[in-house]
Amino acid sequence: DAAMHEQATRRMEMEGALVDALQRGEFSLVFQPVLELEDERCVGVECLVRWNSPVWGRVSPVEFIPVAEATGLIVPLGHWILRTACTMAATWREEHDVDLHVAVNVSTLQLRQDGFAARVAAVLEETGLPTEGLQLEVTESAFIDDMDTALPVLQSLRDMGIIMLLDDFGTGYSSLAYLLELPLDCLKIDRAFVRDMHTDHKSLALTRSIVAMARSLGLSIVAEGIETVEQGAELRRLGCDLVQGYLYSRPLSEKDLLAWLTQRAVKAA
Ligand code: C2E
Ligand code: CA
Ligand code: CA
């Protein structure tokens, strides 16, 4: 039908436009604060990419990342994101005395590229960001049908001392078996669970068991998408370590992030 046709056309045009978007400098990065639930201290940020297209305006990564993955552009784009995020985080340390880690989302296709771990090492070296300043977020799709490729990469990143997070946990096919096999540090509980915790008993029960399971495996837990005080309180009761969400802060530009941090420091003093 007409709507489907329009959607297919938009996607095709987007595929073409994305190729030039990187060269034209149409991508930018925003950073969402990650806080310790206990005392609401900001310990890091998650880096999220934005596309400002001259044709479509702001396009959500939910729409363009899958297109970039389908065309392979995610590889150079992902590399640009990693290098830019590390450069910025290194500057915060050097010039603003801000010791935050930056968590970068890594697409499965990137992770499967030959020499991915070596590339990450090179970026750290080049930007001067210490290893503990970088975290990488991967999704279970990286492991589902190709554990043999993904596992050694994950292992070498972790051997380098990079904290590895499993993103969107609970939305796909993750099972305890995967978790036991993967060298991971942290689980990110998906926003869908947090959202439904108060209306759906099953969501609450699932979140509780995810937290308990992660605990017993020695993994730390980040919950994302916290929008209300009640959700924060519930996650605290469940024993969650770290949180991010609109309740604390939306994703911010680099400039706004530095201002947000300064303002909090002033308030705390
Ligand atoms: P994600 O990694 O699960 O990122 C979390 C998403 O939830 C972000 O959307 C963030 O802005 C949003 N969010 C955070 N707190 C709240 C909240 O309290 N309420 C609500 N309603 N939403 C919240 P965003 O930035 O649109 O990114 C969407 C997805 O796009 C990401 O999901 C990730 O899968 C992908 N993505 C974004 N940036 C990158 C990137 O640099 N590389 C790759 N490979 N994927 C990315
Ligand atoms: Ca993420
Ligand atoms: Ca997520």
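Residues numbered from 1 in each chain as written. Chains lettered and ligands numbered in written order. Predicted model: local features only at pLDDT ≥ 70, side-chain atom pairs only at ≥ 80, totals over all residues. Heavy atoms only, no water.

### Considerations on the packing of helix H3 (residues 74-96) against helix H5 (residues 116-127)
At a closest axis distance of 9 Å, the pairing of H3 and H5 adopts a crossing angle of 35°. Crossing geometry of H3 relative to H5 is assigned as right-handed. In this structure, H3 uses His79, Leu82, Arg83, Cys86, Thr87 and Ala90 to contact H5, whose residues at the interface are Arg119, Val120, Val123, Leu124, Glu126 and Thr127. (Axes fitted to C-alpha atoms, helices over the stretch in contact; angles between N-to-C directions. Helix = DSSP H or I, 4+ residues; strand = E, 2+ residues; numbered from the N terminus. Left-handed = near helix turned anticlockwise from the far one by under 90°. Contact = heavy atoms within 4.5 Å.)

### Comments concerning the coordination of the calcium ion (ligand 2)
Protein coordination at the calcium ion (ligand 2): the donors are Glu46 (OE), Asn105 (OD1), Glu137 (OE) and Asp167 (OD), at 2.1 to 2.3 Å from the metal. Of note, the calcium ion (ligand 2) draws all its donor residues from one chain, in the sequence arrangement E-x58-N-x31-E-x29-D. Between the calcium ion (ligand 2) and the calcium ion (ligand 3), the interatomic distance is 4.2 Å, and Asp167 donates to each metal, bridging them. Of this pair, Glu46 sits in strand S2 (residues 42-53) while Asp167 sits in strand S6 (residues 163-169), and the two are 121 residues apart along the sequence. The pair formed by Glu46 and Asp167 is uniform in burial state, with each residue classed as buried. (Donors = N, O, S within 2.8 Å, 3.2 Å for Na, K, Ca; no water. Buried < 20%, exposed > 50% of the residue type's maximum accessible area, 1.4 Å probe, protein only.)

### Concerning the site of ligand 1
Around ligand 1 lies a shell of 21 residues, among which Gln32, Arg50, Asp167, Glu227 and Tyr246 are the nearest. Here an oxygen atom of ligand 1 and a side-chain polar atom of Arg50 are 2.9 Å apart. At 3.4 Å, a side-chain N or O of Glu224 approaches an oxygen atom of ligand 1. In isolation ligand 1 offers 800 Å² of accessible surface; the protein chains occlude 85% of this area. Judged by its atoms lying within 2 Å of the grid points, ligand 1 is housed in the largest pocket. Elements with a contribution of two residues or more to the shell around ligand 1: S2, helix H2 (61-71) and S6. Split into classes, the residues belonging to the shell around ligand 1 amount to nine nonpolar, five polar and seven charged. (Near = heavy atom within 4 Å. Polar contact = N/O pair within 3.5 Å; in protein donor to acceptor, adjacent residues only side chain to side chain. Areas by Shrake-Rupley, 256 points an atom, 1.4 Å probe, with all protein chains shown as cover. 1 Å grid on protein atoms, 1.4 Å probe; cavity = no way out; pocket = protein on both sides within 12 Å on 5 of 7 lines; lining within 4 Å. Sits in = over half its atoms within 2 Å of the grid points. Nonpolar A, V, L, I, M, F, W, Y, C, P; charged D, E, K, R; others polar.)

### Notes on the pairing of strand S7 (residues 186-189)
Neither face of S7 is left uncovered, since the one carrying Cys186 and Lys188 and the one carrying Leu187 and Ile189 both have all their residues buried. Where S6 lies against S7, three bridges are found, and the strand directions are parallel. Its bridge partner lying in S7, Leu166 is registered against Leu187. Relative to strand S8 (residues 220-224), S7 runs parallel, the two sharing four bridges. The partner of Ile189 across the bridge, within S8, is Ala223. (Pairing = 2+ DSSP bridges.)

### Considering unusual backbone geometry
In this structure, Glu40 is a non-glycine residue whose phi angle is positive, near 55°. The residue Glu40 is located in the loop between strand S1 (27-36) and S2 in this model. The backbone of Asp97 shows a phi angle near 55°, a positive value even though the residue is not glycine. For Asp97, the location among the structural elements is in the loop between H3 and strand S4 (101-105). Using a relative accessible area of 68% as the deciding quantity, one classes Asp97 as exposed.

### Some details on the nonpolar core
Ranked by size, the top nonpolar core spans 81 residues in total, and within it Val102, Leu134, Leu136 and Leu157 carry the most contacts. The element best represented in this core is H3, accounting for 11 residues. Apart from the residues lying within four places of it in its own chain, the contact partners of Val102 are Phe31, Val45, Cys47, Ala85, Ala89, Leu129, Gly133, Leu134 and Gln135. Counting six residues, the second-largest nonpolar core is a separate cluster that includes Val34, Val43, Val222 and Leu242. (Core = buried A, V, L, I, M, F, W, Y, C linked by side-chain atoms within 4.5 Å.)

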